[in-house]
Structure formats: structure tokens, C-alpha cells
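Here are the chains, one letter per residue:
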Amino acid sequence: MSMPPAPATESFRVSDAAARRLREILDEQPASPAGEPALRVSVEAGGCNGFQYKFALDSENQPDDIVIPAGTVRVVVDPASMDLLGGAELHFDDSLMGAHFTVRNPNAASSCGCGTSFSVE
């Protein structure tokens, strides 16, 4: 007997480091009548490898958004982007090379040196 597919919230994860950094960013934002924004993670055509990740604070969820709760913060992903993010993890990397959000994506066949652009087979 086959298992049903995992819900999207289980197929895209948010690391503890990413959730902590997002909380720090949101704590620095002025209060908004629209409520606390979420981090929108999306995939767009472009970049040096065919696709690129985009990160933006967004106070407005779309009806078909997939909401990923991560501690006290939320990450939202549109369904088209989720198709390329299944099994991936949002992470915050703070190293000598700089501090930035990155996606650890097992679907990426190759990626650029900065980690924001990738290709799939």
C-alpha cells in the first residue's frame, strides 16, 4: 500500500538558524496595521543557472500560498515555487564570506557560487 504524499509544509523546512534570523529582522520592523509580515521565498526564472531564489518580507498572503510555520515566524511559498523547493531547507548562513539566507535544495543539479541561482535537470 502506497503512502499519500507528504504535505508541502513537511517538504520545505526552515532551519533554526533561519527562523532565529527572521525573528531578529521582524523585531526591527515598525509595527504595521497589516500585521507581522512573513518571509516570502519564491523561485523565478533567471540568474546565471536558469532559476534564482527571491526573498522578501510580505504582509499579504495569497489564497494559494503555502504557509510554513517556523517557531514564532512564518515563511510563505507560492505553489509554482514549491514545485522546485520540495525537500529543500531554508537556512541562514553567517560566515566569513557574509551573512545571508540560502536554500539547501536537493533538486538543484548545479548552483552558482553565491548560492542564489540554480538549475534542475
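Okay, so let's go over this structure. Computed from a prediction, not measured in an experiment: that's the story for all the values here. (Residues numbered from 1 in each chain as written. Predicted model: local features only at pLDDT ≥ 70, side-chain atom pairs only at ≥ 80, totals over all residues. Heavy atoms only, no water.)

1. Observations concerning the pattern of salt bridges
Right, so step 1: Across all of its chains, the model carries seven salt bridges by this definition.
Right, so step 2: With a shortest N-O distance of 3.0 Å, arginine 23 and aspartate 27 are connected by a salt bridge. Here arginine 23 and its partner aspartate 27 are both found in helix α2 (residues 16-27), four residues apart, which amounts to about one turn of the helix.
Right, so step 3: Look at aspartate 27 and you get exposed, because its relative accessible area is 55%.
Right, so step 4: For arginine 40, the salt bridge identified is with aspartate 65, shortest N-O distance 2.5 Å. Of this pair, arginine 40 sits in strand β2 (residues 38-45) while aspartate 65 sits in the loop between β3 (51-58) and β4 (66-70); the two residues are 25 residues apart in sequence, bridging distant segments of the chain. (Salt bridge = Lys/Arg side-chain N within 4 Å of Asp/Glu carboxyl O. Helix = DSSP H or I, 4+ residues; strand = E, 2+ residues; numbered from the N terminus. Buried < 20%, exposed > 50% of the residue type's maximum accessible area, 1.4 Å probe, protein only.)

2. Re the sheet that holds strand β1 (residues 13-14)
Right, so step 1: Across the sheet, which stays open at both edges, the three strands sit in the order β1-β6-β7 with mixed pairing between neighbours. Looking at strand neighbours, the two that pair on one side only are β1 and β7 (98-104), the edges of this open sheet.
Right, so step 2: The pairing of strand β6 (residues 89-95) with β7 spans seven bridges and is classified as antiparallel. Counterpart to histidine 91 in the pairing with β7 is threonine 102.
Right, so step 3: Contacts from α2 reach β1, β6 and β7 within the one sheet, and its direction differs from that of β6 by about 75°. (Pairing = 2+ DSSP bridges. Contact = heavy atoms within 4.5 Å. Axes fitted to C-alpha atoms, helices over the stretch in contact; angles between N-to-C directions.)

3. Digging into the packing of aromatic side chains
Right, so step 1: For the structure shown, the criterion picks out two aromatic pairs.
Right, so step 2: Consider the rings of phenylalanine 92 and phenylalanine 101, whose centres lie 5.2 Å apart with planes at 65°: the pair is edge-to-face.
Right, so step 3: One aromatic cluster is present, formed by Phe55, Phe92 and Phe101 through successive ring pairs. (Phe/Tyr/Trp six-rings, centres within 6.5 Å; stacked < 30°, edge-to-face > 60°.)

4. Some remarks on the side chain of arginine 40
Right, so step 1: Among the residues examined, arginine 40 registers a relative accessible area of 13% and is labelled buried.
Right, so step 2: A polar side-chain atom of arginine 40 sits 3.5 Å from the main-chain carbonyl oxygen of glutamate 60.
Right, so step 3: Side-chain polar atoms of arginine 40 contact the side chain of aspartate 65, separated by 2.5 Å.
Right, so step 4: With sequence-adjacent residues up to four places away left out, arginine 40 is seen in contact with Lys54, Phe55, Ala56, Asp58, Glu60, Asn61, Gln62, Asp65, Val76 and Asp78. (Polar contact = N/O pair within 3.5 Å; in protein donor to acceptor, adjacent residues only side chain to side chain.)

5. Description of the environment of valine 41
Right, so step 1: Tracing the backbone shows valine 41 in strand β2.
Right, so step 2: Sequence separation between valine 41 and lysine 54 is 13 residues; the distance between their C-alpha atoms is 5.8 Å.
Right, so step 3: When near neighbours in sequence (up to four residues on either side) are disregarded, valine 41 contacts Phe12, Lys54, Phe55, Val75, Val76, Val77, Asp78, Ser81, Leu85 and Leu90.

6. What to know about the environment of asparagine 107
Right, so step 1: When you line up the elements, asparagine 107 lands in the loop between β7 and β8 (110-111).
Right, so step 2: Taking relative accessible area as the criterion, asparagine 107 reaches 32% and is therefore assigned partly exposed.
Right, so step 3: Put simply, asparagine 107 and alanine 88 are 19 residues apart on the chain and 7.7 Å apart in space, counted from C-alpha to C-alpha.

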